[in-house]
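Chain by chain, the residues:
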Amino acid sequence: MGPIRNVYEIDPDMCEIVREFTTELPARIAKLEAHLAAGELRELQTLAHQLKGAGGGYGFPQITELAASLEQALKSG
């Protein structure tokens, strides 16, 4: 997978919204890692599902793809 690109990067109206999402992304990842480390797979699946939707909504299809893969892996056991 190549660099993560934002489909809204040329849309000035989306700039602030995308900036907020990317600013909050490290905290989301930390929560995912914490739930994984604690073995809290149901919570991890919920966060992966939320990130899947948010990634697409904020113009990051690669994040959506990765979060969807994580969610599916957790559903599959």
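Note that the structure is predicted; figures quoted are calculated from it, not measured. (Residues numbered from 1 in each chain as written. Predicted model: local features only at pLDDT ≥ 70, side-chain atom pairs only at ≥ 80, totals over all residues. Heavy atoms only, no water.)

Looking only at helices and strands, the protein has 3 helices and 0 strands in total. Helices and strands appear in the protein in the N-to-C order α-α-α. C-alpha atoms of the protein, sized along the principal axes, occupy 40 × 20 × 20 Å. Looking at the protein as a whole, 27% of its 77 residues are labelled buried. Summed over all atoms, the accessible surface of the protein reaches about 5,200 Å², with 58% contributed by carbon and sulfur. Charge centroids of the protein, computed over 7 positive and 11 negative side chains, lie 5 Å from each other. (Helix = DSSP H or I, 4+ residues; strand = E, 2+ residues; numbered from the N terminus. Buried < 20%, exposed > 50% of the residue type's maximum accessible area, 1.4 Å probe, protein only. Areas by Shrake-Rupley, 256 points an atom, 1.4 Å probe, with all protein chains shown as cover. Lys, Arg positive; Asp, Glu negative; His and termini not counted. Charge placed at Lys NZ, Arg CZ, Asp CG, Glu CD.)

Here we come to the packing of helix H1 (residues 15-37) against helix H2 (residues 41-57). In contact at an axis separation of 9 Å, H1 and H2 are set at 160° when each is read in the N-to-C sense. It follows from the interaxial angle that H1 and H2 lie roughly antiparallel. The crossing of H1 and H2 is left-handed. Side by side, H1 and H2 meet where Phe21, Leu25, Arg28, Lys31, Leu32, His35 and Leu36 of the first sit next to Glu43, Leu44, Leu47, Ala48, Gln50, Leu51, Ala54 and Gly55 of the second. When its residues are assigned to classes, the contact of H1 with H2 shows 9 nonpolar, 3 polar and 3 charged. (Axes fitted to C-alpha atoms, helices over the stretch in contact; angles between N-to-C directions. Parallel < 35°, antiparallel > 145°, perpendicular 65-115°, else oblique. Left-handed = near helix turned anticlockwise from the far one by under 90°. Contact = heavy atoms within 4.5 Å. Nonpolar A, V, L, I, M, F, W, Y, C, P; charged D, E, K, R; others polar.)

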